[in-house]
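Notes for the structure review
Here are the chains, one letter per residue:
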Amino acid sequence: MKFGVVVFPGSNCDRDVAYVTRDLLGQPTRMVWHQETDIADLDVVIIPGGFSYGDYLRCGAIARFSPVMQQVVEHAQKGKFVIGICNGFQVLTEAGLLPGVLTKNRDLHFICDRALVKVERSDLPWTQDYTTGEVITLPIAHGEGQFYADAATLAEIEGNGQVVFRYEGENPNGSLNNIAGICDRQGNVLGMMPHPERASDAMLGNSDGLRLFQGLLEKVAALA
Ligand SMILES: NC(=O)CC[C@H](N)C(=O)O
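Residues numbered from 1 in each chain as written. Predicted model: local features only at pLDDT ≥ 70, side-chain atom pairs only at ≥ 80, totals over all residues. Heavy atoms only, no water.

**Observations concerning the sheet that holds strand β4 (residues 81-85)**
- The strand order β2-β1-β3-β4-β11-β10-β9-β6-β7 describes an open sheet built from nine strands, whose pairing is mixed. Sheet topology places β2 (29-33) and β7 (135-142) at the edges, where each strand pairs with a single neighbour. Neighbour-to-neighbour, the strand axes of this sheet turn through a mean angle of 25 degrees, independent of strand direction.
- Against the sheet, helix α2 (residues 68-77) touches β1 (3-7), β2, β3 (44-47), β4 and β11 (189-192), its axis set at about 130 degrees to β3.
- Sitting on the sheet, helix α3 (residues 87-94) is in contact with β3, β4, β10 (179-183) and β11, with an inclination near 120 degrees to β4. (Pairing = 2+ DSSP bridges. Helix = DSSP H or I, 4+ residues; strand = E, 2+ residues; numbered from the N terminus. Axes fitted to C-alpha atoms, helices over the stretch in contact; angles between N-to-C directions. Contact = heavy atoms within 4.5 Å.)

As structure tokens, this is what we get:
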């Protein structure tokens, strides 16, 4: 299964996620510079964390105009897999691939911590290696992670079962309904503020995040 990691000026988690897919999972992985316009070779697009374009205007608001994003939208529309992690989640909402928006944290501070995260759905390719209701620990590191959507959109997200991850216990950033990650209606596009790639190597003391990539891999292998 071929992974592509999109790199914008200011991305900083691109190597971390490539380490997971290439070195830990042994899958072909290539870095995709944001000016590229042909990503037809990819099975999974990963939009990693970071500070694309220095977070000017609003996180992800400039990156969504990068040439590669048109291809990412088409990739998603074909039902192929896209994951946005942290800044990547922000880019996906800005690009309209996921509903809602990420705004400044409730306390207006950048937060770097570990969060308890509840898996709301384990029927997605992304989450099939978890159990529904399982609480895992994942690192968070963001300044604009407060998920917001107007009441009608929020009701739709909840009604469709698009909430994949919710903060458990303390809500670190004020996200509505403790939302930490959502998917699109079909479930092939996933966005999440916590960083599974930073919790994938057992040597770092926590591999709760690895199962996300592993689950997807197993799903795609089963489809092939
Ligand atoms: N780690 C990240 O991807 C951070 C995203 C973004 N720069 C923020 O502060 O919210």
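**Concerning the nonpolar core**
- Grouped together as the largest cluster of nonpolar side chains are 66 residues, with contacts concentrated most on Ile47, Val72, Trp126, Phe147, Phe165, Leu190 and Leu212.
- The element that contributes the greatest number of residues to this core is helix α5 (residues 210-223), accounting for six residues.
- Not counting chain neighbours up to four residues away, the residues in contact with Val72 comprise Ile39, Val45, Ile47, Val82 and Leu97. (Core = buried A, V, L, I, M, F, W, Y, C linked by side-chain atoms within 4.5 Å. Buried < 20%, exposed > 50% of the residue type's maximum accessible area, 1.4 Å probe, protein only.)

**Observations regarding the pairing of β4**
- A large share of β4 lies buried, amounting to five of its five residues.
- Where burial is concerned, the two faces of β4 agree: the one with Phe81, Ile83 and Ile85 and the one with Val82 and Gly84 are both buried.
- Across four bridges, β3 lies against β4 in parallel orientation. Opposite Val44, over in β4, you have Phe81 as the bridge partner.
- Considered for its hand, the β-α-β crossover made up of β3, α2 and β4 is right-handed.
- Of the pairings in the sheet, the one linking β4 to β11 comprises four bridges and is parallel in character. When the sheet's bridge partners are listed, Val82 is paired in β11 with Val189. (Right-handed = clockwise from strand over helix to strand, strands pointing away.)

**Some remarks on the site of the ligand**
- In the vicinity of the ligand there are 14 residues, among which Gly50, Asp55, Cys86, Ala141 and Gly143 approach most closely.
- Here Asn87 contributes a backbone N or O atom positioned 3.0 Å from an oxygen atom of the ligand.
- Here a nitrogen atom of the ligand sits 2.9 Å away from a polar atom, N or O, in the main chain of Ala141.
- For the ligand, whose unbound accessible area comes to 290 Å², protein coverage reaches 98%. (Near = heavy atom within 4 Å. Polar contact = N/O pair within 3.5 Å; in protein donor to acceptor, adjacent residues only side chain to side chain. Areas by Shrake-Rupley, 256 points an atom, 1.4 Å probe, with all protein chains shown as cover.)

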